[in-house]
Structures are given as structure tokens and as C-alpha cells.
Amino acid sequence: MRIPAPHWPSVLGRARADAGPLLLAAVVVAVVTLLGGAVPPLLSATADAAVRDAVRRTGGDLQVHSRMEDDDGPGGSRVRHPRLAEDVDDFRARATDELGPGLRAVLRAPVATVTSPTLKITDGSVLRTFQLAYVARDGGPGVTWIAGGAPRPTASATAAVPYGAPPWPVQVGLSEADAAALQLRPGARIPLADDQGNVKKVQVSGIFRPQDSADPAWRLLPSLLGPVGGADGTGATRFAGLLSRDSLPDARLAFGLDELRRTVWFTPDPARLTWDVVPSVAAKVVALKAASGSSGARDGSLKWETRLDGVLRDVSSQVGAAFAQASVLLVTLLAVAVLVLLLAADLLVHRRAPTLAAARQRGMSLPVIGGELLLESAVMALPAAAAGLGLALAVAPGVSWDWTPPVVVTAVVAGPAFGTLTAARATRDRRVPANRSARRWVRNTVRLRRAALETGVLAAASGALVALYQRGIGGGVLAASAPALCALAGALVLARALPIATRFVLRRLLRSRRPLAVFGAARAAAASARVLPLLVLVTSVALASYAIVFGATVGQGTAEGPLASGLLRLAWASAVTLPVLGLLGLALGTAAGAPERWRTLTRLRTLGLRPREARWVAAGELLPPVVVAAVGGPLLGVLLARLTFGSLALRLLTGADPVPASPWWGLGLVAVVFLAAVAVVVPVESASRRRRRLSEVLRAGDS
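Computed from a prediction, not measured in an experiment: that's the story for all the values here.

## So, the side chain of Arg-128
- Mapped onto the elements of the fold, Arg-128 is located in strand 6 (residues 128–136).
- Excluding its chain neighbours within four sequence positions, the residues that come into contact with Arg-128 are Leu-119, Lys-120, Ile-121, Asp-123, Ala-181, Leu-182, Thr-237 and Phe-239.

## Considering helix 18 (residues 611–644)
- For helix 18, with 34 residues, the first-to-last C-alpha span of 48 Å sits near the 50 Å given by 1.5 Å per residue.
- Along helix 18, the largest kink reaches about 40 degrees and is centred on Leu-623; proline Pro-624 follows within four residues of it.

## Thoughts on the environment of Ser-223
- Summarising the element assignment, Ser-223 is placed in the loop between helix 6 (216–220) and strand 12 (228–229).
- Sequence separation between Ser-223 and Pro-186 is 37 residues; the distance between their C-alpha atoms is 19 Å.
- Among all residues touching Ser-223, those that are not within four sequence positions of it are Asp-178, Val-228, Arg-238, Phe-239 and Ala-240.

## Observations concerning the pattern of salt bridges
- Inspection of every chain in the model, using the stated rule, returns 19 salt bridges.
- Asp-309 serves as the salt-bridge partner of Lys-289, at 3.3 Å between the closest nitrogen and oxygen. Taken together, the residues span a long stretch of sequence, with Lys-289 in helix 8 (residues 278–290) and Asp-309 in helix 9 (residues 308–361) at a distance of 20 residues.
- Taking the relative accessible area as the measure of exposure, Lys-289 reaches 33% and is therefore partly exposed.
- The exposure class assigned to Asp-309 is buried, which follows from its relative accessible area of 11%.
- When salt bridges with common partners are traced through the structure, they connect Asp-89, Arg-92, Asp-138 and Arg-245 into a single cluster.

## Observations regarding a positive patch on the surface
- Positive charge collects at one region of the surface, where Arg-436, Arg-440, Arg-443 and Arg-447 lie side by side.
- Structurally, Arg-440 is set in helix 12 (residues 436–471).
- Arg-440 sits in the partly exposed class, given a relative accessible area of 40%.

## As for the sheet that holds strand 8 (residues 160–162)
- Pairing is antiparallel across the open sheet formed by 3 strands, whose spatial order is 2-3-8. The open sheet terminates on both sides in strands that have one partner only, identified here as strand 2 (72–73) and strand 8.
- Two elements, strand 2 and strand 3 (residues 77–79), share 2 bridges in a ladder whose sense is antiparallel. Residue Asp-72 lies in a different strand from strand 3, and its bridge partner there is Arg-78.

Cut-offs applied
- Residues numbered from 1 in each chain as written.
- Predicted model: local features only at pLDDT ≥ 70, side-chain atom pairs only at ≥ 80, totals over all residues.
- Heavy atoms only, no water.
- Helix = DSSP H or I, 4+ residues; strand = E, 2+ residues; numbered from the N terminus.
- Contact = heavy atoms within 4.5 Å.
- Expected span 1.5 Å × (residues − 1).
- Bend = angle between axes of the 7 residues up to and from the residue.
- Salt bridge = Lys/Arg side-chain N within 4 Å of Asp/Glu carboxyl O.
- Buried < 20%, exposed > 50% of the residue type's maximum accessible area, 1.4 Å probe, protein only.
- Patch = residues over 30% accessible without salt bridge, like charges linked within 9 Å, V, L, I, M, F, W, Y side chains within 5 Å.
- Areas by Shrake-Rupley, 256 points an atom, 1.4 Å probe, with all protein chains shown as cover.
- Lys, Arg positive; Asp, Glu negative; His and termini not counted.
- Charge placed at Lys NZ, Arg CZ, Asp CG, Glu CD.
- Pairing = 2+ DSSP bridges.

Here you go:
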């Protein structure tokens, strides 16, 4: 089978002749690809920042406790355990192993603490409390003894203490700040007693200075570095004494069997937490809590406590909502971009219709025509998409391919499909039926096809809206498409109503004595049959209005978090891009109807119509769809906002149920911009057509 080869001179000639529309389509592909490629990575980076910020603000440390082994000795006594610090190290290692590699990778090095109950300083002064604490992690935290020395054992390594014996002595170290506040020096005793009045025999062994006061280990027990006010109630100040590995066994004997609390702390490292690891981390944390031993268990089982799962669950809800809301905005951009590309393809094929028909009549096959057009559109669209993705990679920490296929496929396929269909219709041998009923049947068939297509769009819009109501923002692409599909459905309704309105106005003006109004109404009635330009105008204005209301609503809430501010920027970017695409659609639609419009106006000039009056007639043709878009678009956008905002879970980002805002200044600005565009397009078009002489137009005839 011989593969049809393109006719390169024809391909290059058509590309050079229609370089303008092709370049416009390429710009649309590049801009929309840039947004679609950059927004998801930026949102992912924002989600990572939100996760880190939530963990940094709310903490979420994992704590694991375990009861110490009994130290009962023979003859009703307690035995000093000289290797108690090693048991604490083993407990820390056992807890670390239970985390698993996935969870362990996002946590900082564990810190083990052993703390006593809070004691009262019984010197008769203001309310002050004291706590004995042991802190250990790999390699630290380090201290420098500036007076005295580290706490030492107060008895032999394996001393036995009968139950009911006098208070067991224990040495602690004090920080500079605590020692200065308590006015104590090494060797001094701290007058302490518990809530039951039992005296504790605690002696200061030395005064230390932390080698690194910012060490995360000190964060767990800040009273070790200095007095902490309010930790034990209003007006109370807490102090703490540092236990060493040697004095920890003495502290064990100085308190009751279960009074010392042994804890291992795992602090999440925000730098290692990303949005991608949140599900696995949250699942592991929940599993740990589910397998945790009960607080009343008397064995050595691990008892896990943390708020990290709740923190991750809350931020996951916010990130999920932000992704879904961003999807809604991206779908609106894609919808309008696809409509603009279809309109550009329609304009291109409209300009090339005579050329394509001639090529077909000369014997060129439809596959060859379609292949040449496909080659041309691919050369236009693929580099533009690559440029857009390249720019996205330059401005964002990555690039997403998920949102580019609809735009690229439309840019590549629409032109060849329209062109091949036009070439086929130009040479088909179907004859027009002579029978009136047969012609009516053909017309009804066309109407039924259009009605079926429009009914399909209405059904899709209804289904998307129902999915959004029932499933909420997690309903997938169909639910996220609800605003775009509803805007398209509303535009179809207006496209159906516009011809009826223009014909009604034309019938009323036919009886008037104002020929300019009649000419303008006649042109408007004829142009209103073109549906695609009106769809682009109404849909772009409606979705731009939707984005403006969205941005204003989010902005009036507490949009201070990373997520809300990022979504706000996307909303305003959409509110700017959508009207630009709509104006581009207006320019394309105007250009598509320009040859027929000005051929008619030029003929009217031969009957005495002056150039200024011709411009008024042209404005009369262009204004109706623009007025419909300028008036109906904002109303449709506000209606869609009120219908869908309740299901978008904006409260997850704003902190409260937001009331849809009505930024009428922004909506009015969009409408004024489109109306002003007509005032610009008509003179420019008139000036460009002025160079064509009347004889040239008359000689061309209807061809």
C-alpha cells in the first residue's frame, strides 16, 4: 500500500498565508499549557509547605511511655539498679525499632526523658516548684560544668533500701539561671517535699551551662535551662535539676515505684515531611496508637501518645480541598481554551475553504488533505506545548502533564478534522431533494442532531452538578467540571435565545424608517446563527466572573495560610486569563465573519451608504452577542458561584463558612472591557478594509 505523500509547496503556502491564526492558536496552547503545567507543582509545593507549617505550629510529637521494671529486693527492700540509664537507652532503641523505616525517616533523633513528679520548694518564699529530670539522646545534649561537677552516686552501686526508710539522697545539677534564681551553690541542699509532705533529700552537685541552648532536647524540659513561669499554675515558677546517668538510679530509689515517668520523644522533622508521605505517615501513626498498651497495664508494653495523626488529618483535608478547588479553576481555563482553539480552527478552515475545495476537485484525496493539515497543526501545537511546559519548569518546582492533553489534542486535531470535512462536503455528490417534504426531513435531521448534542451538554452539566452536590469536592473530574459545564450549558441556552431575539427585533424594525437600524438588525440576525463565537464569549465571561467571585470570597476570609493564598493567586490569574481568552475569541469570531460582513457593507456603499454609517451597521452586527455575554455572563457566573460554593468546602481554608462575595466592580469591569472591545474592533476592521476598492468587491461577486 502506497503511503500518501504531502504536497510540500501547498503545505508551506497555506502556513505562510495563515500565519496569523496559526500563531494565535500556538500562543493559546503555550499559555494554557504553562498554567496547566505549572499550577499542580506549585500547589504541591504549597501543600508541602502547609504540612510543614502545620506540624511546626502544632507540634505533634510522638511520645511513648513504658513502666519501669520493679526493683524489689530480698527482705522487703528495694535494690539500686546501677544500669538504669542503659535500660532507658534500650527502651529508646525498642521504641525506635517499632516505628518502622517509613515513619522513622521523617522523625528527628529520639530523646529519652525520665522525670519525677513536681515537688514544692519548702523554703517559705513564693510558690516555686521543682522537678528532677534525666535527658538523653545519642551524643547529647552536652553541658559544661562551670562549678562543682556532674551528679554522682550517693551510695554503692547495688545498695538495698528497706521500704519505709528515710529519704534517699540524690544529686542534681542546676543551670546557671536556676542556680542564680534559687541562690544555690554546689553542695547546697534544696528543701523539697511532695504533695503529701514527704521530704526529698536533693543536693546540688554542680552548676552547668548548655553547650547548645537551641538543642531540641532542651525544648522538652525548658525548666532545666531556667525558671519557667506558669507551668504549674498561675503565679508558680518551675525549676528543674538535671540527673546524670550515675544519679538516675538514686532518683529511682528516692521516689515511689511508679512515680518516675519514662518517656521517649520523637519530634517530626518538618524538612522531611512532604505531602506525598502524609498518608503513609498518618497510617503508621494510627497503627501505633491502635496497638498501644493501655495506661493501666502493669507490664512493660509501649504506650503511644501523639496528636500527629490529627494534625495530618486536618492538613490533609485542607490540602485535598485546595487541590479540588484548584481543579475547578483549571477546568474552567481548559474549557475556554478548548473553545477558543475550536473557534480558531473554524476560522482557519473558513479562510481555506476555497483552497481546500480546489485541491479536492483537482484530485487530492481526503487522507492526503487531512495528513497535510495534521502535519501543519502538529508543527504548530507541539512546539508551543513544549515551550509552555518549558516555561512552567522554569517558574515552578516541576511540571505536570495531566492538564495538557485536552488542549494539545484539540489544537492538533480540530483543524484537520474541520478541514477534511469541509473538503469532503465541497465535492460530495449528494443532491438536494426536489421534494419539499424530503427537504424538510433533511432540515429536521440537522436540527435533531444539534438538539441531541445540546441535550448531551445539558445532561452532562446536570450530572456534574449532582455529582458535586452528592460527592462534594472529592467527586473527581466530573464534579470539578460542574461550573465549566454549567457555564457552557447556560451559553447554549443564550445561543438558542439570541436568534429569536434578533429576528424579533428585525421584524419590528422593518416597519421603521431607520435604514441603518434595519441593516444592523439584519446583519445581527444573520450572524446570530453562528453558535461557536457566542459560546466562547458567554462561557469566558461567565467563568471569569466565577473566578472573580471565588477570589473575592476566599480573600474576605482568613486567607493567610499557604494554601489559601496560593489558591487566591490562582483565582486571580484565572480571572485575568479567562477574559483575555474571551477577547481572543471575540477577535477570531469577528475575523471569521469579516469577509461576508464587509462585502455586504461595500455593496451597500454602492447604494449610498457612507463609511461612518457602515461602521454603525457593523457595530449593530457585532454588539448583540457581546451584549448578551456582558450582561448574561456575570449573572451566570454569580449564579454558578451561589450554586457550587457550598460544595467546595471553602471553610476548610478560610476557617468559617464564607458568604459568596459580589464584587460588582470586577464584574462590571469585565463587561465594560468586552463592550469597549467592539468599539475598538469596528474602526480597526473598517480601516483595514478601506484599502479595497469598490470595483474590486463588485468584480468578485459572491465568490
